[in-house]
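Residue-level listing of the chains:
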Amino acid sequence: MRETKGLDFSVYYFSATDTTASDSFTAGLYFGDYPAEFQPDSDGCTTETMKGKILDVSKDWTLYNCNGQYTIQTIVDNESGAEGSKRIHAFGRVSNQTALDKILGMFATLVKK
């Protein structure tokens, strides 16, 4: 995991330690007040909405399928967030359905403290 800080936000990026694995992924969490959803990589990508959990809440996730490369994302309110971190943008990129299930499962383990 690595952190990138901006003037009014922080992003925590994490990825699989074994990047040669067929179900490797990259993902991140943006903490700030002004998240923006990513757009699909190309016009040929399909878009769908799927259900998933994060922070004990069932949320709609946007899923882009770009020739078998999946990008998922959702934005949630950070109820415990101070000024400058009122929203959380969770996102990930995976290379197959197995990895997609794994990363959604990882996000589902995040709970409020």
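Residues numbered from 1 in each chain as written. Predicted model: local features only at pLDDT ≥ 70, side-chain atom pairs only at ≥ 80, totals over all residues. Heavy atoms only, no water.

### Quick look at the overall build of the protein
Along the protein, the regular secondary structure elements total one helix and seven strands. The C-alpha radius of gyration computed for the protein amounts to 14 Å, which stays within 12% of the reference 13 Å derived for 113 residues, consistent with globular compactness. By the burial criterion, 39% of the 113 residues in the protein qualify as buried. In the protein, of all internal contacts separated by at least 6 residues, the share reaching a separation of at least 24 is 48%. For the protein, the computed accessible surface area is about 6800 Å², with 50% contributed by carbon and sulfur atoms. The distance from the centre of the 11 positive side-chain charges to the centre of the 15 negative ones in the protein is 5 Å. (Helix = DSSP H or I, 4+ residues; strand = E, 2+ residues; numbered from the N terminus. Rg over C-alpha atoms; globule rule 2.2 N^0.38 Å. Buried < 20%, exposed > 50% of the residue type's maximum accessible area, 1.4 Å probe, protein only. Contact = heavy atoms within 4.5 Å. Areas by Shrake-Rupley, 256 points an atom, 1.4 Å probe, with all protein chains shown as cover. Lys, Arg positive; Asp, Glu negative; His and termini not counted. Charge placed at Lys NZ, Arg CZ, Asp CG, Glu CD.)

### Notes on unusual backbone geometry
A positive phi angle is found at Leu-55, which is not glycine, with a value near 55°. Relative to the elements of secondary structure, Leu-55 occurs in the loop between strand S4 (46–54) and strand S5 (57–66). Phi is positive for Asn-67, which is not a glycine, with a value near 55°. Position of Asn-67 relative to the elements: it lies in the loop between S5 and strand S6 (69–77).

### So, the side chain of Thr-74
With respect to the element layout, Thr-74 can be found in strand S6. Of note is the side chain of Thr-74, whose polar atom sits 2.9 Å from the backbone oxygen of Asp-60. When near neighbours in sequence (up to four residues on either side) are disregarded, Thr-74 contacts Ile-54, Lys-59, Asp-60, Trp-61, Ile-88, His-89 and Ala-90. (Polar contact = N/O pair within 3.5 Å; in protein donor to acceptor, adjacent residues only side chain to side chain.)

### Re the pairing of strand S2 (residues 9–15)
The sheet contact formed by strand S1 (residues 2–5) and S2 spans four bridges and is antiparallel. Bridge assignment links Thr-4 to a residue of S2, and that residue is Val-11. Linking S1 to S2, which pair antiparallel, is a turn of three residues. In the sheet, S2 pairs with strand S3 (residues 25–32) via seven bridges, with the strands oriented antiparallel. Paired with Val-11 across the bridge in S3 is Tyr-30. (Pairing = 2+ DSSP bridges.)

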